Amino acid sequence: MKLTLLEIVMDILSDMDSDEVNSIFDTTESEQVAQIVKSSYMAMMSNRDWPHQRRAIQLNPYSDPGYPTHMKVQDEIKRLVFINYNCARAGETRLRYMPIHWREPEEFLQLTNQLNSEQDNVDLVTDPTGVQFLIQNDRHPTYFTSFDDVTLIFNSYDKSVDDTLQNSKVQAQAYVMPQWSHEDSFIPDLPVDAFTALQEEAKSRAMVKLKQMEDPKAEGEARRQQRWLARNDWRVKGGIEYPNYGRRGRKAGYRKDPTFRQGW
């Protein structure tokens, strides 16, 4: 069952033998616990690529003819998975989405530096950092790079179609960090079976920080939940199978993670 922030805080306060509250803002301690829940949650989101965090995203183009192949990723993007671009030629109405491949910065420069800056189909683009790039202007992009992990630079664009690369022609997917709302009714963006891990992790931290006490049971349960979640992230794909090399007399094969046993 999914829980609100208030319900999680109330559960932790109860285990800490603290005063009952009706809002996370009722007492200093309840506010502190709510903050600990937030930090525990953000740590969980940062430490793993959760399947439910994988979403279709938009890229932010510079929309400036001076930077025809520059785009930016939003701050909440954790990891970019892939980019496709509609490479339809001038006059075509058919969509032609093609994958745009990643190149390491040094490889990107090695490839683009082979272009002849004196030819009409090559643009000399000066980046806001002052670095110059050679960009082909008569073909759709085929690869891209980034020097700062924020700005994406593509190798080419077709100026007979557009003056700059267009966000509307991008298909992209990435792992996105969720938003946090510090209010009683907020429900953390987690799968149902991950709420116990969040509760136990926050409870363990709260006991140490606020009561100067360790809770071995909460710590052990938090570790067990995290191990189980690490192996069973995917709801749709049915989880990961692990090799079973078998005990003597058993046939080798594959087994499901045994951390939790099904009870139905």
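Here goes a summary of the coordinates provided. (Residues numbered from 1 in each chain as written. Predicted model: local features only at pLDDT ≥ 70, side-chain atom pairs only at ≥ 80, totals over all residues. Heavy atoms only, no water.)

Here the focus is the nonpolar core. The biggest cluster of nonpolar side chains holds 29 residues, and the ones touching the most others in it are V9, I12, V37 and L190. Going through the elements one at a time, α1 (5-15), α2 (28-46) and α4 (195-211) are the ones with two or more residues in this core. Here this core takes seven residues from α2, the largest share from any one element. Sequence-distant contacts of V37, that is, excluding residues within four places in its chain, are made with L5, I8, V9, I12, W180, L198 and A202. Membership of the second largest hydrophobic core comes to 24 residues, among which are I77, V125, Y157 and A174. (Core = buried A, V, L, I, M, F, W, Y, C linked by side-chain atoms within 4.5 Å. Buried < 20%, exposed > 50% of the residue type's maximum accessible area, 1.4 Å probe, protein only. Helix = DSSP H or I, 4+ residues; strand = E, 2+ residues; numbered from the N terminus. Contact = heavy atoms within 4.5 Å.)

Two side chains that carry opposite charge are able to pair once their charged atoms sit near each other. The full count for this structure, using the stated rule, is 12 salt bridges. The partner of R103 in a salt bridge is E107, with the nearest N and O atoms 3.5 Å apart. Taken together, the shared-partner salt bridges in this structure form one network comprising D11, D15, E200 and K203. (Salt bridge = Lys/Arg side-chain N within 4 Å of Asp/Glu carboxyl O.)

This brings us to α4. The terminal C-alpha atoms of α4, which comprises 17 residues, lie 23 Å apart, in line with the 24 Å expected from a rise of 1.5 Å per residue. Positive backbone phi, approximately 50 degrees, marks Q212, located one or two places after α4. (Expected span 1.5 Å × (residues − 1).)

For D17, which is not glycine, the phi torsion reads 55 degrees and is therefore positive. Residue classification places D17 among the exposed residues on the basis of a relative accessible area of 72%. Non-glycine residue D149 carries a positive phi angle of around 70 degrees. For D149, the position within the fold is in the loop between β8 (143-145) and β9 (151-154).

The relative placement of two aromatic rings is captured by the distance of their centres and the angle of their planes. Following the criterion strictly, the structure yields eight aromatic pairs and no others. Geometrically, the ring pair formed by W180 and F186 is edge-to-face, given 4.8 Å between the ring centres and 65 degrees between the ring planes. Its end group placed over the ring of W50, R48 keeps NZ or CZ at 4.8 Å from the ring centre. (Phe/Tyr/Trp six-rings, centres within 6.5 Å; stacked < 30°, edge-to-face > 60°. Lys NZ or Arg CZ within 6 Å of the ring centre and 35° of its normal.)

As far as function goes, none of this settles anything; it's purely spatial.
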